[in-house]
Amino acid sequence: MTAPLDLELISLTKRYGDALAVDAISHGFKSGVYACLLGPSGCGKSSTLRMIAGHEGVSDGAIVLDGREVTHLPPAKRGTAMMFQNYALFPHLSVRDNVAFSLRMAGIDRATRHKRANEMLELVEMSAMAERKPDQLSGGQQQRVALARALITRPQVLLLDEPLSALDPFLRIRMRSELKRLQRELGITFIHVTHGQDEALALADEIIVMNNAKIEQAGSARDIFNKPKTAFVARFLGGHNVLKLPQGQIALRNDAIQVTAQGAGRMDGRVIGVEYQGAHVTLTALVAGDQEATALVPDHQFIETPKDLGEVIGLTWDDQNAHLVSA
Ligand code: ADP
Ligand code: MG
């Protein structure tokens, strides 16, 4: 059984003057999924997210949330909430009052506000710091407060624009699993914008790859990684070779290429790179057509049959691992 559609984008378009930032994209997000909008800088991710949130006008198309058209509703009336990249906390308000802010705007009484804010602070494990001001918090703590503030409105859909980009790599990985835990606990839809493929692969039930204002491919993390449809998706995700062969253009995971003796594989190549990376060695070879092919060789195998720069090797792979991709 498929889950009901929670959020539907129908030919959603954003123009800034003559520039087309989002080009008639259509997509249905199922209820309760962790979705990542993934793509390079400038491809239209933030514009898409801001249109869903209602912080940016829609040039064309429609947004339907839970069967209700919300295209032109103000942000607070949609059932969405947004967590901004810079957190945008009010410096003069305590953590608790920051979290309770939208309830105050909605005219909810103080006792209820505090109770709800305390629940949210507990959810993000920040109860002990409720009286502090934002400048007395670390970056990771500020982020938890921003999350609590977005969640207090009980949105159906939480929108997060590059939520981890301001954190150092260690915290980023820790907060990543926190986000996933929260999403599972709350059971609401998260739409998380990122340009980091690792982040998207680690978090997402569904990845929507964007390029040049359009959706290039959408699917489960595993599908996207194993069956990229276009050369762009394969290259952007990394870990893939994109090779032009007489029968067409293929994508092939680096770990799906086996290294053989010269003449014993499907093609020969001259080794131009050998990088030891712990569990495996990354071998790069120059093959026919002046193309580079990269193979991940398990370290024990490399030690048995070491290869050197300049050496000619054979490369081979199983047909089932090669996917035709469009340019
Ligand atoms: P992303 O989040 O993927 O980096 P954006 O949605 O921010 O992409 O931007 C998409 C395109 O729209 C870019 O070319 C960007 O320069 C342009 N753009 C974004 N915001 C504005 C704006 N307020 N005014 C004019 N152009 C904008
Ligand atoms: Mg952006």
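Residues numbered from 1 in each chain as written. Chains lettered and ligands numbered in written order. Predicted model: local features only at pLDDT ≥ 70, side-chain atom pairs only at ≥ 80, totals over all residues. Heavy atoms only, no water.

S.K.: Before we go on, may I ask you to explain the overall build of the protein in this structure?
M.R.: Counting secondary structure elements, the protein contains 9 helices and 18 strands. Taking the principal axes of the C-alpha coordinates as reference, the protein spans close to 80 × 45 × 40 Å. Every one of the 327 residues in the protein was classed for burial, and the buried ones make up 49%. Long-range contacts, defined as pairs at least 24 residues apart, comprise 63% of the intrachain contacts of the protein with a sequence gap of at least 6. Looking at the protein as shown, the accessible area adds up to about 15,700 Å², and 50% of this sits on carbon and sulfur atoms. When the 35 basic and 37 acidic side-chain charges of the protein are each reduced to a single mean position, those positions are 7 Å apart. (Helix = DSSP H or I, 4+ residues; strand = E, 2+ residues; numbered from the N terminus. Buried < 20%, exposed > 50% of the residue type's maximum accessible area, 1.4 Å probe, protein only. Contact = heavy atoms within 4.5 Å. Areas by Shrake-Rupley, 256 points an atom, 1.4 Å probe, with all protein chains shown as cover. Lys, Arg positive; Asp, Glu negative; His and termini not counted. Charge placed at Lys NZ, Arg CZ, Asp CG, Glu CD.)

S.K.: Explanation requested: helix α4 (residues 139-151) in the structure shown.
M.R.: With 13 residues, α4 extends 18 Å between its outermost C-alpha atoms, agreeing within 8% with the 18 Å of an ideal straight helix rising 1.5 Å per residue. The buried fraction of α4 is high, at 10 of 13 residues. Buried residues of α4: G140, Q143, R144, V145, A146, L147, A148, R149, A150 and L151, and no others. Summarising the contacts, the buried residues of α4 are in contact with β6 (80-83), α2 (95-105), α3 (110-123), β7 (157-161) and α5 (169-186). (Expected span 1.5 Å × (residues − 1).)

S.K.: Whenever I open this one, the packing of aromatic side chains confuses me. Can you help?
M.R.: The relation between two aromatic rings is expressed through the spacing of the ring centres and the mutual angle of the planes. Counted by the stated rule, this structure contains 3 aromatic pairs. Summarising the aromatic geometry, the rings of Y34 and F190 are spaced 5.3 Å apart at their centres and angled 45° between planes, so their arrangement reads as tilted. Taken together, the positions of Y34 in strand β3 (residues 34-38) and F190 in strand β8 (residues 189-194) put the pair 156 residues apart, joining distant regions of the chain. The exposure classification of Y34 matches that of F190, with both residues buried. (Phe/Tyr/Trp six-rings, centres within 6.5 Å; stacked < 30°, edge-to-face > 60°.)

S.K.: Even after reading the chapter, I still don't get the domain arrangement of the protein, so can you show me in this structure?
M.R.: Buried accessible area, meaning the area lost when the parts come together, often serves as the stated size of an interface. Entries for the protein in the domain assignment read domain 1 (5-226) and domain 2 (241-324). Taken over C-alpha atoms, the centre of domain 1 sits 40 Å from the centre of domain 2. (Domains from an automatic or database assignment.)

S.K.: How do you make sense of empty space enclosed by the protein when you look at a structure like this?
M.R.: Rolled over the atoms, a probe with the dimensions of a water molecule shows which regions are left empty. The final tally for this structure, using the stated rule, is 1 cavity of 30 Å³ or more. The calculated volume of the largest cavity comes to roughly 40 Å³. Here the lining of the largest cavity is composed, by residue class, of 4 nonpolar, 2 polar and 1 charged. (1 Å grid on protein atoms, 1.4 Å probe; cavity = no way out; pocket = protein on both sides within 12 Å on 5 of 7 lines; lining within 4 Å. Points joined across faces, edges and corners; volume = space filled by probe spheres on them. Nonpolar A, V, L, I, M, F, W, Y, C, P; charged D, E, K, R; others polar.)

S.K.: Looking at this structure, I do not really get the site of ligand 1. What am I missing?
M.R.: In the vicinity of ligand 1, the contacting residues are Y16, A21, P40, S41, G42, C43, G44, K45, S46, S47 and R50. Contact between ligand 1 and Y16: a nitrogen atom at 3.5 Å from a side-chain N or O atom of the residue. Within the backbone of C43, one N or O atom sits 3.2 Å away from an oxygen atom of ligand 1. When ligand 1 is considered free in solution it has 550 Å² of accessible area, and contact with the protein chains removes 57% of it. The leading source of residues in the shell around ligand 1 is helix α1 (residues 45-53), at 4 residues. (Near = heavy atom within 4 Å. Polar contact = N/O pair within 3.5 Å; in protein donor to acceptor, adjacent residues only side chain to side chain.)

S.K.: What should I look at first to understand the nonpolar core in this one?
M.R.: Where a protein is soluble and globular, its nonpolar side chains tend to be buried together. Formed by 48 residues in total, the largest nonpolar core has its most connected members in V99, L147, L151, L158, F190 and I207. Here the element with the most residues in this core is α4; it accounts for 6 residues. Setting aside its immediate chain neighbours within four residues, L151 contacts M120, L123, L158, L182, L186 and I188. Of all hydrophobic cores here, the second largest spans 26 residues; its members include L12, I25, L49 and M210. (Core = buried A, V, L, I, M, F, W, Y, C linked by side-chain atoms within 4.5 Å.)

S.K.: Help me understand the pattern of salt bridges in this model?
M.R.: Pairing is possible between side chains that carry opposite charge, provided their charged atoms lie close to one another. Scanning the entire structure with this criterion turns up 15 salt bridges. The shortest N-O distance in the salt bridge between R181 and E125 comes to 3.9 Å. With R181 in helix α5 and E125 in the loop between α3 and α4, the pair connects residues that are 56 residues apart, well separated along the chain. For R181, a relative accessible area of 25% corresponds to the partly exposed category. The salt bridge partner of E178 is R144, with a shortest N-O separation of 3.2 Å. (Salt bridge = Lys/Arg side-chain N within 4 Å of Asp/Glu carboxyl O.)

S.K.: It is not clear to me how the layout of surface pockets should be interpreted in this structure. Could you clarify?
M.R.: The calculated volume of the largest pocket comes to roughly 620 Å³. Forming the walls of the largest pocket are 24 residues, and the residues nearest its centre are A81, M82, S102, R149 and T153. Going through the elements one at a time, β6, α2 and α4 are the ones with two or more residues in the lining of the largest pocket. Of the residues assigned to the lining of the largest pocket, the class counts are 18 nonpolar, 5 polar and 1 charged. Reported here for the second largest pocket is a volume of approximately 170 Å³. Secondary-structure elements contributing two or more residues to the lining of the second largest pocket are α5 and α6 (197-203). Counting residues per element, the lining of the second largest pocket draws most heavily on α5, which supplies 4 residues.

S.K.: Just to check I follow, could you spell out the packing of α2 against α4 for this structure?
M.R.: Running from N to C, α2 and α4 cross one another at 30°; their axes reach a closest spacing of 7 Å. Taken as axis vectors, α2 and α4 run roughly parallel relative to one another. When the axes of α2 and α4 are compared, the crossing they make is right-handed. In contact with V95, N98 and V99 of α2, α4 contributes V145, A148 and R149. Tallied by class, residues from the contact of α2 with α4 come to 4 nonpolar, 1 polar and 1 charged. (Axes fitted to C-alpha atoms, helices over the stretch in contact; angles between N-to-C directions. Parallel < 35°, antiparallel > 145°, perpendicular 65-115°, else oblique. Left-handed = near helix turned anticlockwise from the far one by under 90°.)

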